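Chain and residue survey
Spelled out from the first residue to the last, the chains are:
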Amino acid sequence: MGIKEINIAEAHEAIVAKLKAAFPRCTVGDYRREEGKVKAPALALELSHIEPGERDPGTGQLEVVLRWEVYPLTHFKTKNAAREVAALVCAVAKFVHGNRFGLPVSAAKFIGGYPEDFKPAKDGYEEWRVEFEFEAYLGESVWDNEGVTPQTVYLSYSPLIGAAHEEDYEEVKDVPMVGGLEDAEFELP
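Presented here is an overview of the structure given in this document. Everything numeric here is computed off the predicted structure, so don't read it as measured data. (Residues numbered from 1 in each chain as written. Predicted model: local features only at pLDDT ≥ 70, side-chain atom pairs only at ≥ 80, totals over all residues. Heavy atoms only, no water.)

Below, the discussion takes up the nonpolar core. Ile 15, Leu 43, Trp 68, Phe 132 and Phe 134 are the most contacted members of the largest nonpolar core, which totals 28 residues. Those elements that place two or more of their residues in this core are helix H1 (8-22), strand S2 (42-52), strand S3 (62-75), helix H2 (81-96) and strand S5 (125-138). Those residues in contact with Ile 15, other than ones at most four positions away along the chain, are Leu 45, Trp 68, Phe 101, Leu 103, Phe 132 and Phe 134. (Core = buried A, V, L, I, M, F, W, Y, C linked by side-chain atoms within 4.5 Å. Buried < 20%, exposed > 50% of the residue type's maximum accessible area, 1.4 Å probe, protein only. Helix = DSSP H or I, 4+ residues; strand = E, 2+ residues; numbered from the N terminus. Contact = heavy atoms within 4.5 Å.)

Another point: H1. A rise of 1.5 Å per residue sets the reference length of H1, with its 15 residues, at 21 Å; its end C-alpha atoms lie 21 Å apart and thus fit the reference within 8%. Burial in H1 covers these residues: Ala 11, His 12, Ala 14, Ile 15, Val 16 and Leu 19. Where H1 is buried, its residues contact strand S1 (27-30), S2, S3, H2 and S5. For H1, the side-chain oxygen to backbone nitrogen distance between the N-cap and Ala 9 is 3.0 Å, and the N-cap itself is Asn 7. (Expected span 1.5 Å × (residues − 1). Polar contact = N/O pair within 3.5 Å; in protein donor to acceptor, adjacent residues only side chain to side chain.)

In this section: the packing of aromatic side chains. Given two aromatic rings, their pairing is described by the distance between the two centres and the angle made by the two planes. Enumeration according to the criterion identifies six aromatic pairs in this entry. Ring centres 6.3 Å apart and planes at 45° place the aromatic pair Phe 101 and Phe 134 in the tilted group. One end of the pair, Phe 101, is in the loop between H2 and strand S4 (109-115); the other, Phe 134, is in strand S5, and 33 residues separate them in sequence. We classify Phe 134 as buried; its relative accessible area is 0%. With centroids separated by 6.4 Å and ring planes inclined at 45°, the aromatic side chains of Phe 132 and Phe 134 adopt a geometry described as tilted. Accessibility classification places Phe 132 together with Phe 134 in one group, the buried group. Within the aromatic cluster, the residues linked to one another by ring pairs are Phe 23, Trp 68, Phe 95, Phe 101, Phe 132 and Phe 134. (Phe/Tyr/Trp six-rings, centres within 6.5 Å; stacked < 30°, edge-to-face > 60°.)

Structure follows, in structure tokens:
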């Protein structure tokens, strides 16, 4: 059975759309512009890096950890600008944590929120960075999801296997299959 792959362009669009819906007062986009005016409050999304995941799903796909950054900012003339941006950082952190954004990914994990260093192009704004990550799969699965899932499982052991030993097989019942058979207990003849 295959695992749905992620499309990075669609991931950007989906996360931006979810941020826009959750934060309607903010201007939301992706990738900060270092020049020009920004209508604040604002949120800018960036994919900051991609790392290999820890699992091999057995599908020919590459598991990756995608690290994202959201840059909340407010204009310095906003009353209590530092407090406002801090409140926005907390709201974004709560929003992203556990979110899947309608994508075939793991639940997002909030990493942290950090004040951004002074940048002359951003003079006049209070800006922070919120980091989060989730796991996803790149590439198509080698499995085509065709075939029939077995409804009954039988167990035997070598050399009592094959059609000639059909009566030696025991039906496996009431065994959780989530973790595999390695933890299951069977009574063999």
